Every structure is written in structure tokens, then in C-alpha cells.
Amino acid sequence: MTALPALFMSVPLFARTHGMSERQVLDRLDNLDLPEIPKAISGGKRYVDLVELAERMKADQFCLSDLSKTP
């Protein structure tokens, strides 16, 4: 049986695998730099949408903002 590719990733795992702090990942989700899996209810875990991220990168529509300039 072949493994399915990851379609989403938790904030802690994304931070670890991409060399960012969890706070940076959360800030980038808030700034819409990283796409997020929609939630039916507020609160709880947040997940990075890897499918949307790949589509943005393929379409050359991916850019990370300068977090040092965020209020």
C-alpha cells in the first residue's frame, strides 16, 4: 500500500520541518501568508493547508511578508 501525501500539517510540525518558530507560523497564518484549513468551529488546533500552499508555489503566487514590520 502506498502512503498518501500529507494534505495538511499542524502548526508545531510545520514549524519543526520548515525551520520556523510556532509563533512565526501562527503569525503567517494570521497574515494569510500561509493557507489554513478552514474550521467549522472557533478555537482548537490550526493546520497549514499544504495543497493550497503547493498550488500557490506552482503559480508563483507565494510570498512571505516581513514579520518584523508587523505591529
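Here the structure is a predicted model, which means the values were calculated and not measured.

*Asks:* How would you explain the packing of aromatic side chains if you had to name every residue and give the values?
*Replies:* This model, assessed by the stated rule, comprises one aromatic pair. Ring centres of F8 and Y47 lie 5.2 Å apart, and the angle between their planes is 85°; on these two criteria the pair is classed as edge-to-face. Of this pair, F8 sits in strand β1 (residues 8-10) while Y47 sits in strand β2 (residues 47-49), and the two are 39 residues apart along the sequence.

*Asks:* Describe helix α3 (residues 50-58), and please don't skip the residues or the numbers.
*Replies:* Since the α-helix turns once every 3.6 residues, residues separated by three or four places project in the same direction. Considered for burial, the residues of α3 that qualify are L50, L53 and R56. Projected down its long axis, α3 carries its buried residues within an arc of 120°, all on one side. Its side-chain oxygen at 3.1 Å from the backbone nitrogen of V51, D49 defines the N-terminal cap of α3. Phi for D60, located one or two positions after α3, is positive at around 55°.

*Asks:* Please set out the environment of D30 residue by residue, giving values where relevant.
*Replies:* Structurally, D30 is set in helix α2 (residues 22-30). Classification of D30 as partly exposed rests on a relative accessible area of 46%. The contacts of D30, once residues within four sequence positions are left out, are R23 and R46.

*Asks:* Describe the pattern of salt bridges, with residues and values.
*Replies:* With the rule as written, the count across this model stands at five salt bridges. A salt bridge links R46 to E36; its shortest N-O distance comes to 2.8 Å. With R46 in the loop between α2 and β2 and E36 in the loop between α2 and β2, this residue pair connects regions lying 10 residues apart in the sequence. Overall, the relative accessible area of 27% leaves E36 in the partly exposed class. Note that E52 is salt-bridged to R56, the shortest N-O span being 3.4 Å.

*Asks:* Tell me about the side chain of R56, and please be specific about residues and values.
*Replies:* Tracing the chain through its elements places R56 in helix α3. One polar contact links the side chain of R56 to the main-chain carbonyl oxygen of D33, over a distance of 3.2 Å.

*Asks:* Account for unusual backbone geometry, naming residues and giving values.
*Replies:* Even without being a glycine, L32 presents a positive backbone phi close to 65°. Mapping L32 onto the fold places it in the loop between α2 and β2. Using a relative accessible area of 65% as the deciding quantity, one classes L32 as exposed. Of note, the phi angle at D60 is positive, near 55°, even though the residue is not glycine.

Here is what the cut-offs are and how they apply
Residues numbered from 1 in each chain as written. Predicted model: local features only at pLDDT ≥ 70, side-chain atom pairs only at ≥ 80, totals over all residues. Heavy atoms only, no water. Phe/Tyr/Trp six-rings, centres within 6.5 Å; stacked < 30°, edge-to-face > 60°. Helix = DSSP H or I, 4+ residues; strand = E, 2+ residues; numbered from the N terminus. Buried < 20%, exposed > 50% of the residue type's maximum accessible area, 1.4 Å probe, protein only. Arc of directions from axis to C-beta. Polar contact = N/O pair within 3.5 Å; in protein donor to acceptor, adjacent residues only side chain to side chain. Contact = heavy atoms within 4.5 Å. Salt bridge = Lys/Arg side-chain N within 4 Å of Asp/Glu carboxyl O.

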